[in-house]
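# Coordinate analysis (summary)
The residues making up each chain are set out below.
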Amino acid sequence: MEAEQVESRAAEFLEYLEAGGLVEAHDWMPDEYRARLRKFVEMHANSELMGVLPERDWILRAPTLQRKLALTAKIQDEVGHAQLLYRVVADLGKPRSACLDDLLAGRSKFHNVFHYPTRTWGDVGVIAWLVDAAAIVSQKALLKCSYAPYARIMKKICWEESFHILHGRDVVLALVTGTPAQFELVQEALDRWWGPLLQFHGTPIPASEDPMVRWRIKSQGNEAARQEFLDGYVPQILELGLELHDPKLRRNDEGVWEYTEPDWEELKAVVSGHGPASQERLDFRRRSRAEIEWIGRTVLAEAA
Amino acid sequence: MPERSRADLLLELADDELVIGWRNSEWTGIAPFLEEDVAFSSIAQNEIGHARALYELAAEELGSTADELAFDRSPGDYRCAPLVELRRLEWAWTVARHWLYELADELRLERLKASGDPAVAGLAAKMDREETYHRLHADMWVTRLLSVREGRLRLDEALDGLWPFALGVLDEELRPELRRRAEARLGRELPDVDPVARGDHVGELAELWEEMTSVRRSAPAGAQW
Amino acid sequence: MSENATDTVFEVFRQERKGQPFQHAGSVLAPDLRFAEIYAREQYGRRQESSALWLVRRDAIDELSDFPDEFDLKYRRVDGYSIKARLKEARERAGTQPS
């Protein structure tokens, strides 16, 4: 196709998106749209997969049968989400094994929160409640994604995440109404996770300058997402008697949340593999993959 | 059947289901591929769910709660079979253990469904219905591994290695039938060995118990979680 | 975590409740139909959210998405009929036009 034709077709495509048009897997799409979309979904898939690792140790240590079951189910959901998302990426042209190769070689990224260690049962509650809450804010916005296969999966993902938040909040509530030591477990975990949570939605790039918004992949800018999260969850945190130690954190007269500016350079370093637990987790994944390599090589290679 | 109380029988089953459910849940997030990860995790959850139901039944009789029975006994008081205690195994060994355990459990449940005790018989029937899918899954993997050379080598080694432990899951009188069914399905003989029976704790349970109860023990007894 | 060249993609359609249509829910990758059934069951049914699932190999699906309407045959569609104006006139003539 001639370069001019491509360009005008891309312009038509953009108009189509701006009018609310949806795209399916076999439709024509501009290279830039496909590339950005694929990278975005791949990062999402990687995040679901890596997100499993901080939590799975706690299945063994869960203090009741119900918690053991709920936590296993939560992690299972996340693996399921990774499966759905890698399928979307595969249908956009990049097979799962290539995604995994890139992830383990450190060539691709996953969300900041999965690069930090989990230290106590308090972390389990805080992660399931607040990390999943932060995620669901972004994920609700993705329900309107122009790429329909992704939007459809987001529906299932959002539904399942709502269970996770319930579970997380329940864990936290049991702890804050338990012994003083149990209350302290939550407070201490919150102190460690608040920074990463504030960074979670990304740099405050204006929506008008965000290519993901322009291509109608994201329908909400980063700062809007962060504000929505703070609006929803700061009151819920404070009402439990927990403290947030940012002296600047407050909702101003215009209804906008103010906070100490996060270190954006730190975020950049973390998502590309320089977080405190990044390498340990990638190593773990590499070892696990090596362990099961024979299965892919032999057992799956022979179709029934 | 050797003389044991109803509570002891229930605890034996519950401990087996709890520990194997644990071991299987250790594959969550790192199974051979994502679809298998999701499926195997459901199996693990079902097993822990069975354990919970069995503990609840025992708890009624013993004046306790399911969680107390699951967590608050000392390692020496658990009645699980050594087969389930072995730590997370390599995948071919996991498949072998899964298949052998399900085969033994099927025999055991057949017995219990015919029990004169309606609560036990009822629970056994419910468990058996769920286990149908576990058996299907295990059988599918056995078939697939046996159909390729490297898979067959690994699985055969695992089955032979775990066979004495499999025998130890059941009472003496059920072992010949277990052997008959396993050999019929595999089309070969299994080693002539002594069973590794209950009570011969293989040393892995104590370590498991330490980690499993670490959070729970960090608060006083009766604390809520 | 493989995606082998010979693994097959199975499309999954789910029916939420009896009587409702089957809708496309996603896909699973599996070595064969037996595996695909187990995986689809878990991925789309473990929360009892479906009353039934259909599994179809992707290469068995034939998609059609080009429907030419060169001569604009409007009579085949609801928007091809515009009765408002004539209805108004008929009512006026009969004196039954609501005020």
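Residues numbered from 1 in each chain as written. Chains lettered and ligands numbered in written order. Predicted model: local features only at pLDDT ≥ 70, side-chain atom pairs only at ≥ 80, totals over all residues.

To continue, consider the overall build of chain A. Within chain A one finds twelve helices and two strands. In sequence order, the secondary structure elements of chain A are arranged as α-α-α-α-α-α-α-α-α-β-β-α-α-α. By the compact-globule yardstick of 19 Å for 304 residues, chain A fits well, its C-alpha radius of gyration being 20 Å. Dimensions of chain A along its principal axes, counting C-alpha atoms only, are 70 × 60 × 30 Å. Evaluated residue by residue, chain A yields a buried proportion of 42% over its 304 residues. Pairs at least 24 apart in sequence give 74% of the contacts found in chain A among residues at least 6 apart. (Helix = DSSP H or I, 4+ residues; strand = E, 2+ residues; numbered from the N terminus. Rg over C-alpha atoms; globule rule 2.2 N^0.38 Å. Buried ≥ 20, exposed ≤ 12 C-beta atoms within 10 Å, placed from the backbone. Contact = placed C-beta atoms within 7 Å.)

The number of helices and strands found in chain B is nine helices and zero strands. Walking chain B from its N terminus toward its C terminus, one meets helices and strands in the order α-α-α-α-α-α-α-α-α. Radius of gyration (C-alpha) of chain B: 17 Å, near the 17 Å computed for a compact globule of 225 residues. Seen through its C-alpha atoms, chain B measures out along the principal axes to roughly 55 × 40 × 30 Å. Considering chain B as a whole, with its 225 residues, one finds that 46% of them fall into the buried category.

Looking now at the interface of chain B and chain A. Each side of the interface is counted separately: chain B has 36 residues, and chain A has 35 residues. Taken together, the elements giving at least two residues each to the side of chain B that touches chain A come down to α1 (6–25), α2 (34–62), α3 (66–71), α6 (118–146), α7 (149–167) and α9 (204–213) of chain B. With ten residues, α2(B) is the largest single contributor of residues to the side of chain B that touches chain A. Per-class residue counts for the side of chain B that touches chain A are 17 nonpolar, ten polar and nine charged. (Nonpolar A, V, L, I, M, F, W, Y, C, P; charged D, E, K, R; others polar.)

In many analyses, interface size is given as the accessible surface area lost on bringing the parts together. Taken together, the contacts link ten residues of chain B with 13 residues of chain C. Among the secondary structure elements, those contributing two or more residues to the side of chain B that touches chain C are α2 and α6 of chain B. With five residues, the top contributor of residues to the side of chain B that touches chain C is α2(B). Split by residue class, the side of chain B that touches chain C holds six nonpolar, two polar and two charged.

Moving on, we come to the nonpolar core. Counting residues in each nonpolar core, the largest one holds 152 residues, and the members touching the most others are V95(B) and A166(B). Looking at which element gives the most residues to this core, the answer is helix α3 (residues 65–91) of chain A, with 14 residues. (Core = buried A, V, L, I, M, F, W, Y, C linked by C-beta atoms within 7 Å.)

Residues and elements named next belong to chain C. Taken in spatial order, the three strands of this open sheet run β2-β1-β3, and their pairing is antiparallel. Either end of the sheet is taken by a strand with one partner, and the two such strands are β2 (23–30) and β3 (52–57). Strand-to-strand twist across the sheet, computed as the mean angle between neighbouring axes with direction ignored, equals 30°. (Pairing = 2+ DSSP bridges. Axes fitted to C-alpha atoms, helices over the stretch in contact; angles between N-to-C directions.)

Residue and element names in this part refer to chain A. One way to put it is that helix α5 (residues 121–142) packs onto helix α9 (residues 222–238) with a least axis distance of 10 Å and a crossing angle of 130°. Considering the angle they form, α5 stands oblique to α9. Handedness of the crossing formed by α5 with α9: right-handed. Contact residues: L130, A133, A134, V137, S138 and A141 in α5; A225, E228, F229 and Y233 in α9. (Parallel < 35°, antiparallel > 145°, perpendicular 65-115°, else oblique. Left-handed = near helix turned anticlockwise from the far one by under 90°.)

Taken over all residues, the pLDDT of chain B has a mean of 93, while the share at 70 or more is 98%. As a predicted assembly, this complex carries a pTM of 0.90 together with an ipTM value of 0.92. (pLDDT = per-residue confidence, 0-100.)

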